[in-house]
Amino acid sequence: MNILSLFGKRSQSASVAKNRLQILLAHERAGNSADAALISSLREDILAVVAKRIDIDPDAVRLEMDRDGDVTTLGIDIELPPSAARAS
Amino acid sequence: MSNATVVVVTSGKGGVGKTTTSAAIASALAKEGYQVCAIDFDVGLRNLDLIMGAERRVVFDLVNVVRGEATIKQALVRDKKLNNLFLLPASQTRDKDALTEEGVASVISELRHYFDWIVCDSPAGIERGATLAMRHADEAIIVSNPEVSSVRDCDRIIGLLDAKTQVAEQGGRMPKHLLITRYDSARAKTGDMLATDDVVDILSVPLIGVIPESKDVLKASNVGLPVTLADEGSPAARAYMEATRRLLGENIPVTIPEEKKGLFGKIFKGRAA
């Protein structure tokens, strides 16, 4: 509840909903199975590169995707073991 | 041995508020500081990701995990606001037969090691998806609207909880909690709607909460926030917080929160109440 609501400003949640659905459905109609396959292969590749230098737990590599309209970002999160961080 | 509790949110009938409830209670538990995972069992028609606002970040899903195509840790999506709240999404592209009994059993048993609470959002119906969602539960939240067809379907689900779950097969009795959603006190008072006592009488399941019909539920789903995170002061959010405290074992009386009226509301709406 903010001060603007006192003056009868319309809530914007419906337009947020429309925007979210448009992004989601555009993605789903295009078929989203490619994402999982892509992430899986990327993960393997990245893991192989990192493993050349550091002994890491495969579970400690997290890939995260964020889709926003035309732009998709990929986040890579690698948890280094304490000894590896010091050695490098 | 872990101390995790697996709770299934189920109803039989569709559209009564299972997903809203799963998101609201999972978030409320996380706000209390517990490690929480919400699992969407509605394979083919997932929506918990949308209600929790995680739809853009889903990569892997429950079916990928069951088939060994991804690990659980890879598939879990962390909540934007609460870093102790996770979602295990359902698959959108496959059908419910993609889930196997052994696969689900191993997913749940692994999750028990990482989390305090595992909230299983059941699909509607009484088929495979619904029975797999309840199969490994320690407790059940039965969601009903104060409406005849919803109450009847809950009765059917109670029968399944007492027959088709592991707890039941081992001779135990599944602890059940009744959550009444979309309740309108005014209409119940005038006799146009089943009252909470009527529903409790018919189903003989103890009441864990009553969620009043509230505009805030739709607003929260529009923006992709569980109602307990979107607007903590709203009647629905307060009712869900109360239900969560009862789930955690607190012995507090069930109240039906109402809209807090502001000064203008008191002047202009006071007469209508």
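Just so you know, the residues in each chain are numbered from 1, in the order the chain's sequence is written. Chains and ligands are labelled sequentially in the order written, the chains with letters from A and the ligands with numbers from 1. Confidence filtering applies because this is a predicted model: local features only for residues at pLDDT of at least 70, side-chain atom pairs given and counted only at 80 or more, and all residues used for totals across whole chains, interfaces and linings.

### Re the overall build of chain A
Then, in step 1: For helices the rule is a DSSP run of H or I covering at least 4 residues; for strands it is a run of E covering at least 2, with both sets numbered from the N terminus onward. Scanning chain A for helices and strands turns up three helices and two strands.
Then, in step 2: Listed N to C, the secondary structure of chain A is α-α-β-β-α in terms of helices and strands.
Then, in step 3: Within chain A, the fraction of its 88 residues that count as buried is 1%.
Then, in step 4: Placing C-beta atoms from the backbone, we regard two residues as in contact once those atoms come within 7 Å. Taking all contacts inside chain A whose residues are at least 6 apart in sequence as the whole, residues at least 24 apart take part in 44%. Backbone-placed C-beta atoms define the burial measure: a residue is buried with 20 or more other C-beta atoms within 10 Å of its own, exposed with 12 or fewer, and partly exposed in between.

### Remarks on the overall build of chain B
Then, in step 1: Helices and strands together make up the secondary structure of chain B, namely 14 helices and eight strands.
Then, in step 2: Computed over the C-alpha atoms, the radius of gyration of chain B is 18 Å, within 12% of the 19 Å expected from 2.2 N^0.38 for a compact globule of 273 residues.
Then, in step 3: Reported as C-alpha extents along the three principal axes, the dimensions of chain B are approximately 60 × 40 × 35 Å.
Then, in step 4: When each of the 273 residues of chain B is scored for burial, the buried share is 53%. Only C-alpha atoms enter the radius of gyration; for comparison, a globular chain is expected to reach 2.2 Å times N to the power 0.38, where N is the number of residues.

### Looking at the interface of chain A and chain B
Then, in step 1: At the interface, 19 residues of chain A touch 14 residues of chain B.
Then, in step 2: Going through the elements one at a time, α1 (13-29), α2 (33-53) and β1 (61-68) of chain A are the ones with two or more residues in the side of chain A that touches chain B.
Then, in step 3: Of the residues forming the side of chain A that touches chain B, the biggest block, eight residues, is contributed by α1(A).

### Some details on the sheet that holds strand β4 (residues 85-88) of chain B
Sheet strands associate in pairs through backbone hydrogen bonding, adopting either a parallel or an antiparallel arrangement.
Residue and element names in this part refer to chain B.
Then, in step 1: Pairing in this open sheet of eight strands is mixed, and the strands run β3-β4-β2-β5-β1-β6-β7-β8 from one edge to the other. Because the sheet does not close on itself, it has two edges, and the strands there are β3 (77-78) and β8 (207-212).
Then, in step 2: Strands qualify as paired when DSSP identifies two bridges or more between them. The sheet contact formed by β3 and β4 spans two bridges and is antiparallel. Residue pairing across strands places valine 77 opposite leucine 87, the latter belonging to β4.
Then, in step 3: Here helix α6 (residues 128-135) sits on the sheet and contacts β1 (5-10), β5 (117-121) and β6 (139-144); the angle it forms with β1, its principal contact strand, is near 150 degrees.
Then, in step 4: In this fold helix α13 (residues 235-247) packs onto β7 (176-183) and β8, with an angle of close to 175 degrees to the strand it touches most, β8. A fitted line through C-alpha atoms represents every axis, and for helices the fit uses only the stretch in contact; the resulting angles, taken between N-to-C directions, go from 0 to 180 degrees.

### Description of the confidence of the model for chain B
Residue and element names in this part refer to chain B.
Then, in step 1: Across the chain, each position has a pLDDT score giving the predictor's confidence in that residue, from 0 to 100. Mean pLDDT over chain B stands at 93; residues scoring 70 or higher make up 95%.
Then, in step 2: Contacts for the low-pLDDT stretch residues 269-273, under 50 throughout, to residues beyond four places or in other chains number one contact.
Then, in step 3: As scored by the predictor, the complex reaches a pTM of 0.88 and an ipTM of 0.80.

### Section: the nonpolar core
Then, in step 1: Nonpolar cores are built from buried Ala, Val, Leu, Ile, Met, Phe, Trp, Tyr and Cys residues. These are joined into a set through C-beta atoms within 7 Å. Core analysis: the largest hydrophobic core is formed by 89 residues, its most contacted members being B:Val36, B:Cys37, B:Ile118, B:Val119, B:Cys120, B:Ile142 and B:Tyr240.
Then, in step 2: Excluding its chain neighbours within four sequence positions, the residues that come into contact with B:Val36 are B:Ala26, B:Leu29, B:Ala30, B:Asn84, B:Leu85, B:Phe115, B:Asp116, B:Trp117 and B:Val119.

### Points about unusual backbone geometry
Residues and elements named next belong to chain B.
Then, in step 1: For arginine 182, which is not glycine, the phi torsion reads 60 degrees and is therefore positive.
Then, in step 2: Residue position: arginine 182 is located in strand β7.
Then, in step 3: Arginine 182 sits in the buried class, given 22 other C-beta atoms within 10 Å.
Then, in step 4: The phi dihedral of serine 204 is positive, around 55 degrees, even though this residue is not glycine.
Then, in step 5: The exposed category is assigned to serine 204, around which 10 C-beta atoms lie within 10 Å.

### Focus: the environment of A:Asp66
Then, in step 1: You can see A:Asp66 is positioned in strand β1.
Then, in step 2: Along the primary structure A:Asp66 and A:Leu38 are separated by 28 residues, whereas in three dimensions their C-alpha atoms are 14 Å apart.
Then, in step 3: Among residues more than four places away in sequence, those in contact with A:Asp66 are A:Thr73, B:Arg56 and B:Arg57.

### Considerations on helix α11 (residues 215-223) of chain B
Then, in step 1: Buried residues of α11(B): B:Val217, B:Lys219, B:Ala220, B:Ser221 and B:Asn222, and no others.
Then, in step 2: Looking at the buried side of α11(B), the elements it contacts are α1 of chain A together with α1 (18-31), α2 (48-51), α12 (227-230) and α13 of chain B.

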